[in-house]
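# Survey of secondary and tertiary structure
So the chains spell out like this:
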Amino acid sequence: MVQESKFKVGIIGGGPAGCMCAYFLQKACDVIVFEKNSPLKTLLPTGGGRCNLAHCEYDIKEFVANYPRGEKFLYSVFAKFSTAETIDFFNSIGIETYTQKDFRIFPTSNSSVDVREKFLRAIKYVNFINEKALRVNCATDLKTVVTDKGSYNFDFVIIATGGHASYNICKYLGHKIIPPKKALVGLKTKQNLSALAGVSIKVNGEDLLFTHQGISGPFAYKLSSIKARDKFPYNITLRLSNIDTPLQELLNHSPHKDIKNVLSDILPKSLAAYILGTLNINSSIKAHQINGTLRDKIIEKINNFELTITDTSSGGEVVTCGGVALDEINAKTMESKLIPNIYFCGEVLDIDGFCGGFNLQNCWSTGYVAAQAILEKSKSSNKLL
Ligand SMILES: Cc1cc2nc3c(=O)[nH]c(=O)nc-3n(C[C@H](O)[C@H](O)[C@H](O)COP(=O)(O)OP(=O)(O)OC[C@H]3O[C@@H](n4cnc5c(N)ncnc54)[C@H](O)[C@@H]3O)c2cc1C
């Protein structure tokens, strides 16, 4: 009689990516997840506690355009596992979802606590070990995960340590690390905008919030992502109002109104006062006193409002731009091109997306692809499953 033996798989990191991978491997392999903290704890703050777990976009070309890093790499990943498969997966573990007007997908419970609990229940065959992995030795065919408390041998090791962890494990394996930068964060400005703190406007269809330090909100997060590799300081130009009515028409309509009140029809009051202040225009002069030169200065300021961005600030989703270089990873399998049977998934890779469910989608999809690749290898080997 042939003795049945399962492949041993070690996963470093019990975040969304590591747990996704563990889910698909748990029945066919002996799976150990090393988690230095608590499994899926990083899921709790997502979506402001509501867990924006995916994005409703079924066209892969449109979908990958939301990843400033990883766009090309993710084509084949999403061809295998994308929005539809993600919704099916969550449904299958008892999590119903719904789509918001802005195409973000949430659990119907609106609770990341609920998602975490159900997900953890669904990976009951996985053995979680609360230890910090220090390195992976690959001297023999077996891979040895060395932790702060012991060492463990595996046939396959998956690295899913996320974006904010140190990259020592990856460097030790010889992998190139693209230097990490913060993305999806608020931004500090050289200009003192504290008089505008709390004011919100729409820029390019996205909400921009002024803060004591600079700017925040979806517009700033997206900007921080697009510009994550730019050196500080850099300048940006904003169009503050999309009202098409010419300013002259507004001035003519209310000649005896204070200029600050005329502008308040198209901008928040404090922003109108701020603009007049930067132009040294007395905010109480009447509309009919605004001559052509002053009018053009005001229009220019509203249409081309310049800010100098000096640094990132707190707030936002804080994902990492940078990580394990993608040219050393096989996009079809997530396997290292340098060392066979070592895999990577999730934010540890040099992949990051905009707000809206794209970063978790990267974890679900790369986690799934790594698991499937290991299952395929297992099938073609002579070990029985
Ligand atoms: C506040 C906030 C809100 C967010 N909201 C959303 C959202 O709504 N939608 C969305 O798509 N994305 C969101 N994101 C981004 C998303 O949470 C991350 O992209 C995602 O968690 C990355 O998953 P991961 O498994 O790759 O890494 P992580 O979630 O970082 O998990 C890695 C795990 O590995 C463990 N680990 C690390 N090193 C070791 C080691 N040496 N040994 C053992 N364990 C180790 C860590 O403790 C951690 O548990 C948000 C992020 C933040 C910060």
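Residues numbered from 1 in each chain as written. Predicted model: local features only at pLDDT ≥ 70, side-chain atom pairs only at ≥ 80, totals over all residues.

### A short note on helix H10 (residues 269–278)
In plain terms, the rule: A residue is called partly exposed when the number of other C-beta atoms within 10 Å of its own lies between 12 and 20, exposed at 12 or fewer, and buried at 20 or more, with C-beta atoms placed from the backbone. Note on conventions: DSSP H or I runs of at least 4 residues are helices, E runs of at least 2 residues are strands, and numbering of each starts at the N terminus. Any pair of residues counts as being in contact when their C-beta atoms, constructed from backbone geometry, are within 7 Å of one another.
Among the residues making up H10, those that are buried are Leu271, Ala272, Tyr274, Ile275 and Leu276. Here the buried face of H10 lies against strand S12 (200–203), helix H9 (259–263) and helix H11 (292–303). After H10 finishes, the residue asparagine 280 shows a positive phi value of roughly 55 degrees.

### Observations concerning the domain arrangement of the protein chain
Our working rule: The start and end points of each domain follow an automatic or database-based domain assignment. Any residue that is not Ala, Val, Leu, Ile, Met, Phe, Trp, Tyr, Cys, Pro, Asp, Glu, Lys or Arg is counted as polar, Gly included; the first ten are nonpolar and the last four charged.
Assigned domains within the protein chain: domain 1 (7–176 + 325–380), domain 2 (184–239 + 305–317) and domain 3 (245–303). For domain 1 and domain 2, the distance between their C-alpha centroids amounts to 31 Å. Contacts between domain 1 and domain 2 engage five residues on the former and seven residues on the latter. Partitioned by chemical class, the residues of the side of domain 1 that touches domain 2 number three nonpolar, one polar and one charged.

### A look at the site of the ligand
Threshold: Each residue receives a C-beta atom placed from its backbone. It is near a molecule or strand if this atom lies within 6 Å of it.
For the ligand, the set of nearby residues contains 35 residues, the closest of which are Gly13, Gly15, Thr42, Gly162 and Gly346. Elements supplying a minimum of two residues to the shell around the ligand: helix H1 (16–25), strand S16 (305–324) and helix H12 (358–380). Here the residues of the shell around the ligand sort into 14 nonpolar, 15 polar and six charged.

### Observations concerning the packing of H1 against H12
So the rule is basically this: Working convention: axes come from line fits to C-alpha atoms, limited for helices to the stretch in contact. Angles between N-to-C directions cover 0 to 180 degrees. The crossing is said to be left-handed when, going from far helix to near helix, the turn is anticlockwise and less than a right angle, and right-handed when the turn is clockwise.
Relative to each other, H1 and H12 sit at 35 degrees, their axes nearing to 8 Å. The way H1 lies across H12 gives a crossing that is right-handed. Of the residues in H12, those touching H1 at Pro16, Ala17, Met20, Cys21, Phe24 and Leu25 are Leu360, Cys363, Trp364, Thr366, Gly367, Tyr368, Ala370, Ala371, Gln372, Ile374 and Leu375. Its residues assigned to classes, the contact of H1 with H12 shows 14 nonpolar, three polar and no charged.

### Some words on the pairing of strand S13 (residues 206–210)
The side chains of a regular strand alternate between both faces of the sheet. This is how the line gets drawn: For two strands to pair, DSSP has to find at least two bridges joining them.
In the sheet, S12 pairs with S13 via four bridges, with the strands oriented antiparallel. Across the sheet, lysine 202 pairs through a bridge with aspartate 207, a residue of S13. Between S12 and S13, which pair antiparallel in sequence order, lie two residues; one of them, asparagine 204, sits at a positive phi of approximately 50 degrees. As paired strands, S13 and strand S14 (residues 214–216) are joined by two bridges and run antiparallel to one another. Within S14, the position partnered with leucine 209 by the bridge is serine 216. If you look at the hairpin formed by S13 and S14, you'll find three residues sitting between the two strands.

### Re the sheet that holds strand S2 (residues 29–34)
Within a beta sheet, neighbouring strands are joined by backbone hydrogen bonds and run either parallel or antiparallel to one another. Taken together, five strands build an open sheet; the order of strands is S6-S2-S1-S10-S17 and the sheet is parallel. One side of each edge strand has no neighbouring strand; the edge strands of this open sheet are strand S6 (127–129) and strand S17 (342–344). Taken pair by pair, the neighbouring strands of this sheet meet at an average axis angle of 20 degrees, ignoring direction.

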